[in-house]
There are 2 protein chains.
Amino acid sequence: MAKHWFEERDPFSPIQYRYAGARPLYSARSELQEIQVLESDFFGRMLVLDGVVQLTERDEFLYHEMLVHVPMHSHVAPKSVLIVGGGDGGALREVLKHESVERVTLVEMDREVIEVAKKFFPDMAAGFASPLVTVRHGDGAAFLDDEGRQFDIILVDSTDPVGPSTSLSTPEFFRSASEALNDGGVFAMQTESLHFHADYVDRVQRALKAAFGAVDLYGAPIATYAGNWWTFALASHAPIGREPVREPAPGLRIYCRELHRSAFVPSKALTCFTSLGSGPYRRG
Amino acid sequence: MAKHWFEERDPFSPIQYRYAGARPLYSARSELQEIQVLESDFFGRMLVLDGVVQLTERDEFLYHEMLVHVPMHSHVAPKSVLIVGGGDGGALREVLKHESVERVTLVEMDREVIEVAKKFFPDMAAGFASPLVTVRHGDGAAFLDDEGRQFDIILVDSTDPVGPSTSLSTPEFFRSASEALNDGGVFAMQTESLHFHADYVDRVQRALKAAFGAVDLYGAPIATYAGNWWTFALASHAPIGREPVREPAPGLRIYCRELHRSAFVPSKALTCFTSLGSGPYRRG
């Protein structure tokens, strides 16, 4: 049996995950949160914030490719991109695979996360060295209020909607994001698990529809996020199709035309989970 | 905090699941395995075999609808159906929703599982009372060797491929199943997690291709199975499409035409996970 176990403490989940053979490499408390880096045989290095696994070396490609490439391939030629959160650099790495991109602004609340990513996940964080990239430290919601600049793509790559990230799922934030989105632009954000947080998924869908005009829902099965039918909201000023509008960017490990198409959650599935809710099970 | 925790013991998984608030209702040892029934606030009743969660009242519909309705809707009018395993009755309940079905044979190794299902999961196990159903106790592989009868649909709804279920993923079993399948028939089986067991998924795909002639792979994100991008192999004597060939059966909670289509795993995704393998992570 493995000697070291890492026990996740996920306040949002009825299942807690225990990781076999996860050895601690780093632990510190920033102004905002507890930051840990672990290393396990199966998953490689793992980034943990406030006790919850954010990513592992083995499988972060799936989350980051799906968060980034579905919206990016829904736009003919995205030039200016805003990433809210994403201090680990994974989303940034994927954005930079698109040749049309001219500038990326990344607004991360916790500068310590970026430093830890550069040190322990240097390949993932390589994009911070790009001359196209500007990093701002602070709250994404406050940034959008102050900033007149317009974006073709806005990505919200946040932790769970508690604590530091609470401001990123309010109607006010969505309105600011809608105003900062260019015509033809696409907004995407992670919106938790369909299995465990269907009420939240549904609430964000409605709030985005009100703020942007059009919304859709897609997902990916992420093994290291409890509830695992992980969802992403896609919002825009006018309805966008469920097909990529151009050839895939180079260097992608799993994203492809077929996966883009098949990632969208059928409306019957959303209705089914919304009717189950996020509370205790009630025998029908 | 919840007082009762159920800690899964899954020999196949690098993540062990802990279920909050899972109270024991029943525990016994059959000739073949340990059988437990628990009840949790979030998941309702849970069936556990040899320490591994097999199903929960809350989410079993997703696994059973996907195991059954993708192959069933790939056949114009399935009349005779064989279920190997499936002693909980969930797959049987779904099969009986198809009006074309005239007879179902269910071969379960462990008769205690059926008795426990009837007692603790009566709605799920209601199909055992149907006059169309014949239950046989024994090994599915031995049953197929002895039996000349032909089936339109063969479903393998087994526990993990260790212990009692080992005989259900051998080339010999697949050859027997292929011989017992009618022309135009469809075989489906659960083949574990793409994230954690890609080597196994790939091995079964190859073995089924050799035995049947045509094979495909689809999946569903099951929150209560570690690794959760759960896969199902679909095999047949000639290639079948990725579209349902008729309207959905009545009374389905999540299965629909869109979900059928989008469940298929893109070949790029299988290649990606197969190249990662099922062993320790190696930095590229």
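In this text the structure is predicted, and so the values were computed from the model without any measurement. Counting restarts for each chain, with residues numbered from 1 along the sequence as it is written. Numbering of ligands from 1 and lettering of chains from A proceed in the order in which they are written. It should be noted that, the model being predicted, local features are given only for residues of pLDDT at least 70 and side-chain atom pairs only at 80 or more, the latter also being counted only at that level, while totals for whole chains, interfaces and linings use all residues.

Draft legend 1. Here's a closer look at the environment of L106(A). All names here are of chain A. Tracing the backbone through its elements, the reader meets L106 in strand β8 (residues 103-108). Counting other C-beta atoms within 10 Å of a residue's C-beta gives its exposure: the residue is buried at 20 or more, exposed at 12 or fewer, and partly exposed in between, where C-beta atoms are placed from the backbone. According to the C-beta neighbour criterion, L106 is buried, with 26 such atoms within 10 Å. Residue contacts for L106: discarding those within four places in its chain leaves I83, G86, L92, V133 and V135. Secondary structure elements are taken from DSSP: a helix is a run of H or I of four residues or more, a strand is a run of E of two residues or more, and numbering for both begins at the N terminus. Throughout, a residue-residue contact means that the two C-beta atoms, derived from backbone geometry, are no farther apart than 7 Å.

Draft legend 2. Region of interest: helix α8 (residues 267-276) of chain A. If you check which residues of α8(A) are buried, you get A269(A), C272(A) and F273(A). Mapping the buried residues of α8(A) onto a view down its axis gives an arc of 90 degrees, with all of them on the same face. Away from its buried face, by an angle of more than 90 degrees, α8(A) presents the exposed residues S267(A) and S275(A). Structurally, α8(A) contributes buried residues whose contacts are with α6 (198-212) of chain A together with α7 (257-263) of chain B. Looking one or two residues beyond α8(A), the residue adopting positive phi is G277(A), at roughly 75 degrees. What the arc measures is the spread of directions leading from the helix axis to the C-beta atoms.

Draft legend 3. Local environment of the relation of the copies chain B and chain A. Note on the identical chains: chain B maps onto chain A by a rotation of 180 degrees and an axial translation of 0.0 Å, with an RMSD of 0.0 Å. Such a combination of rotation and displacement between the chain copies is what one expects of a two-fold axis. Of the C-alpha atoms belonging to chain B, the one lying closest to the rotation axis is found on S262(B), 2.1 Å away. A shared interface surface links the copies, since 100% of the contact residues of chain B are contact residues in chain A too. Copies overlap after least-squares fitting; the atoms used are the C-alpha atoms of residues with pLDDT of at least 70 in both.

Draft legend 4. Seen up close, the sheet that holds strand β4 (residues 34-40) of chain B. Residue and element names in this part refer to chain B. The rule for pairing is simple: two strands pair if DSSP sees at least two bridges between them. With respect to topology, 4 strands assemble into an open sheet ordered β3-β4-β5-β6, the strand pairing being antiparallel. Both outer strands of the open sheet, β3 (22-29) and β6 (52-56), are each paired with one neighbouring strand and no more. The average angle at which neighbouring strand axes cross in this sheet is 25 degrees, direction not considered. Angular values range over 0 to 180 degrees, each being the angle between N-to-C directions of two axes fitted as lines to C-alpha atoms, with helices fitted over their stretch in contact. This element, helix α3 (residues 111-120), spans β3, β4 and β5 (44-49) of the sheet and lies at about 20 degrees to β4.

Draft legend 5. Region of interest: the sheet that holds strand β9 (residues 133-137) of chain A. All names here are of chain A. Reading across from one edge, β9-β8-β7-β10-β11-β13-β12 is the order of the 7 strands in this open sheet, with mixed pairing throughout. If you trace the sheet from one side to the other, it starts and ends with β9 and β12 (214-221), each paired once. Adjacent strand axes in the sheet meet at a mean angle of 15 degrees when their direction is disregarded. Pairing of β12 with strand β13 (residues 229-236), which is carried by 8 bridges, proceeds in the antiparallel orientation. The residue of β13 that forms the bridge with P221 is W229. The strands touched by helix α1 (residues 60-72) within the sheet are β10 (151-157), β11 (181-193), β12 and β13, with β10 carrying the most contacts at an inclination of about 155 degrees.

Draft legend 6. Broad picture of unusual backbone geometry. All names here are of chain B. The phi angle at E192 is positive, at roughly 70 degrees, despite the residue not being glycine. Summarising the element assignment, E192 is placed in strand β11 (residues 181-193). At N228, a residue that is not glycine, the phi angle is positive and equals roughly 55 degrees. Tracing the chain through its elements places N228 in the loop between β12 (214-221) and β13 (229-236). Residue classification places N228 among the buried positions, given that 27 C-beta atoms sit within 10 Å.

Draft legend 7. Spatial organisation of the interface of chain B and chain A. The interface of chain B with chain A comprises 36 residues on the first partner and 36 residues on the second. The element contributing the most residues to the side of chain B that touches chain A is strand β2 (residues 15-20) of chain B, with 6 residues. Any residue that is not Ala, Val, Leu, Ile, Met, Phe, Trp, Tyr, Cys, Pro, Asp, Glu, Lys or Arg is counted as polar, Gly included; the first ten are nonpolar and the last four charged. Considered class by class, the residues forming the side of chain B that touches chain A number 21 nonpolar, 6 polar and 9 charged. Pairing analysis gives 5 bridges linking strand β2 (residues 15-20) of chain A to β2(B), with the strands arranged antiparallel. Note on β2(B): the bridge partner recorded for Y17(A) is Y17(B).

Draft legend 8. Spotlight on the confidence of the model for chain A. Overall, the prediction assigns chain A a mean pLDDT of 94, with 98% of residues at 70 or greater. Scored as a complex, the prediction yields pTM 0.96 and ipTM 0.95. What pLDDT reports is the predictor's confidence in each residue, on a scale of 0 through 100.

Draft legend 9. Highlighting the pairing of β4(B). Residues and elements named next belong to chain B. Note that β3 and β4 share 7 bridges and pair antiparallel. Note that in β4 the partner of Y26 across the bridge is V37. As consecutive antiparallel partners, β4 and β5 are separated by 3 residues.

Draft legend 10. Broad picture of the domain arrangement of chain A. Residue and element names in this part refer to chain A. Residue ranges labeled as domains rest on an automatic or database domain assignment. With domains assigned, chain A is organised as domain 1 (5-56) and domain 2 (60-276). If you average the C-alpha positions of domain 1 and of domain 2, the two centres end up 22 Å apart. Each partner contributes to the interface: domain 1 provides 23 residues, whereas domain 2 provides 21 residues. When residues of the side of domain 1 that touches domain 2 are traced back to their parent elements, those giving at least two are β2, β3 (22-29), β4 (34-40), β5 (44-49) and β6 (52-56). Broken down by element, the side of domain 1 that touches domain 2 gets its largest block of residues, 5 residues, from β6. By residue class, the composition of the side of domain 1 that touches domain 2 is 15 nonpolar, 5 polar and 3 charged.

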